[in-house]
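# A structural walkthrough
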Amino acid sequence: TTERIDITYDSLLRISTYTEIIRDDASPALTTQVILFEALNYHPTGQLEEYRETRRETGSTIIQAWVTAVNDRDGDGDTTELILDDITVAVDATTIIYRNDMAYTPDGQITYYYEEIQDPQGRVTNRTMSNIQYEPGTSRMLAYHEVTTSDITPTGLEMTTITDRTNITYNPLSQIVS
């Protein structure tokens, strides 16, 4: 479920800021909160051109991991064993997303944007989406070009990934098939 609160608007009645709380039934102990969404700039046509979003994930989740146990859980007489165990992991992570240079088709479909994502460890990923194409008369995306550059280490080692996605097809329910 998603709850959007504290919505503010500018003098032209466009969204300026809001807070959003997202809860997922798959991970009920985890909450994602958009602490602050800030619309920084709009095109003269009224479409969003630039924004900053600060997301915070809090709570806990259970993962399975191989651990060394100092007891005899399986009753075979060993006092140190390697076992698969459920471990509760506390989460408190903040991610900052800055997106700008958003461009649109005349009928309002996004064709280009640049975004910078700072993860909870301070690493930065830069992503450019361009040449976004749509099926005429629908909002179904047919193709795009994506360039992503990510920090791998704090010392500046980077990895760049280039994706050219073409010929995206859909089933009768408008779900992507290929």
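Refer to the preceding data block for the structure.
Report follows, based on the coordinates.

What counts as what
Residues numbered from 1 in each chain as written. Predicted model: local features only at pLDDT ≥ 70, side-chain atom pairs only at ≥ 80, totals over all residues. Heavy atoms only, no water. Helix = DSSP H or I, 4+ residues; strand = E, 2+ residues; numbered from the N terminus. Buried < 20%, exposed > 50% of the residue type's maximum accessible area, 1.4 Å probe, protein only. Contact = heavy atoms within 4.5 Å. Polar contact = N/O pair within 3.5 Å; in protein donor to acceptor, adjacent residues only side chain to side chain. Salt bridge = Lys/Arg side-chain N within 4 Å of Asp/Glu carboxyl O. Pairing = 2+ DSSP bridges.

## Observations concerning the side chain of T95
The topology assignment puts T95 in strand β5 (residues 81-104). The class for T95 is buried, based on a relative accessible area of 16%. Look past the residues within four positions of T95 in its chain and what remains in contact with it is E53, T54, R55, I117, Q118, D119 and P120.

## Some remarks on the side chain of E20
Within the secondary structure, E20 sits in strand β2 (residues 15-23). Reaching out from E20, the side chain makes a polar contact with the side chain of R4 at a distance of 2.7 Å. When sequence neighbours within four positions are dropped, the list of residues in contact with E20 reads T2, E3, R4, T32, Q33 and V34.

## Considerations on the environment of I21
Structurally, I21 can be placed in strand β2. Expressed as a C-alpha distance, the spacing of I21 and D164, which sit 143 residues apart in the sequence, is 33 Å. Beyond its immediate chain neighbours, meaning those up to four positions away, I21 contacts T1, T2, E3, I5, T31, T32 and Q33.

## Side note on the pattern of salt bridges
Within this structure, the stated rule accounts for 10 salt bridges. R127 is paired through a salt bridge with E115; the nearest N and O atoms lie 2.9 Å apart. Taken together, the residues span a long stretch of sequence, with R127 in strand β7 (residues 124-134) and E115 in strand β6 (residues 110-118) at a distance of 12 residues. For E115, a relative accessible area of 4% translates into the label buried. The network of salt bridges with common partners includes R99, E115, R127 and E146.

## Quick word on the pairing of strand β8 (residues 141-151)
Pairing geometry for β7 and β8, over 8 bridges, is antiparallel. When the sheet's bridge partners are listed, N126 is paired in β8 with T149. Counted between consecutive antiparallel strands, the loop separating β7 from β8 contains 6 residues, among which G137 sits at a positive phi close to 80°. Bridge count for β8 against strand β9 (residues 158-165) is 8 bridges, and the pairing is antiparallel. Counted as the bridge partner of E146 is T163 from β9. The antiparallel pairing of β8 with β9 creates a hairpin that spans 6 residues between the two strands, and G156 there sits at a positive phi of about 105°.

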